[in-house]
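# Remarks on the overall topology
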Amino acid sequence: MLDAFLALLAGVRAETPEDAEFLYDPATAAGALRLANLERYLALIDGTDTALVGEAPGWRGATITGVPFMSVRELAMRPGPLTADPAGDGYRVPDAPGAEWELSASVVQKALRAWSGPPPVCWPVVPNHPFRAGDPLTNRPPRVPEVRAGAPVALELLRALRIRRVIAVGRKAEAALALAGVDAVAVRHPAQGGAGIFARQMAALAPPR
């Protein structure tokens, strides 16, 4: 069901600029780990009709784990044991992760744990990690060509999972989705003091119990 999505994701590598990192290269140890975690995450998605879409992965979270809005700390709170074995039934973690947690990931996962019904699937409009030139341990806003390169991947995931409602995390993600022709409901980004507003807005959008 997700073969077309994974093929489009792999194709993004050729369009990755020098100041961004393609995260899901199976030829590298870090890329293979991220890809295995992503595939496990998507295999656990069941019955949701909602997607929570961010702008791009952050260096403290998905850039390490491969799972959108999930840092190493959040992985430890998910079902299944953590493992270094790709054949295991849990997520994989790097031997020495560059960061253990990310504020946005923590806030998002807390909101999703309180979600009534199947939680939204998370994904960024831009699957690469954009960083300031020369410093991969930073984040920068993606450029319009990067949004255009990543949009088909996001659209295919929405199609494959039969997503009917899209929630954009922040106005930048909303604008990026609009460039791709996706009408999304925007919620406040949890960073820079927005955690409380984000949580309340997410609670209001959750299905009734």
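Residues numbered from 1 in each chain as written. Predicted model: local features only at pLDDT ≥ 70, side-chain atom pairs only at ≥ 80, totals over all residues. Heavy atoms only, no water.

Looking at an unreviewed UniProt entry, one finds the chain named Uracil-DNA glycosylase, with Amnibacterium endophyticum as its source organism.

This part is about the packing of helix H5 (residues 103–113) against helix H8 (residues 195–205). Two elements in contact, H5 and H8, have axes separated by 10 Å at closest approach and are oriented at 25°. Between H5 and H8, the angle is such that the two are roughly parallel. In this structure, H5 crosses over H8, and the sense of that crossing is right-handed. On H8, the residues that touch Val107, Val108, Ala111 and Leu112 of H5 are Ala195, Phe198 and Met202. (Axes fitted to C-alpha atoms, helices over the stretch in contact; angles between N-to-C directions. Helix = DSSP H or I, 4+ residues; strand = E, 2+ residues; numbered from the N terminus. Parallel < 35°, antiparallel > 145°, perpendicular 65-115°, else oblique. Left-handed = near helix turned anticlockwise from the far one by under 90°. Contact = heavy atoms within 4.5 Å.)

One can find Thr138 in the loop between strand S4 (129–130) and helix H6 (144–160). There is a polar contact of 3.0 Å between the side chain of Thr138 and the backbone nitrogen of Arg132. If near-sequence neighbours (up to four positions away) are discounted, Thr138 is found in contact with Trp59, His129, Pro130, Phe131 and Arg132. (Polar contact = N/O pair within 3.5 Å; in protein donor to acceptor, adjacent residues only side chain to side chain.)

Side chains Val121 and Trp123 project from strand S3 (residues 121–124) onto one buried face, and the interleaved Cys122 and Pro124 project onto a second face that is buried too. Bridge count between strand S2 (residues 50–54) and S3: 4 bridges; the pairing is parallel. Bridge pairing links Gly54 to Pro124 in S3. (Buried < 20%, exposed > 50% of the residue type's maximum accessible area, 1.4 Å probe, protein only. Pairing = 2+ DSSP bridges.)

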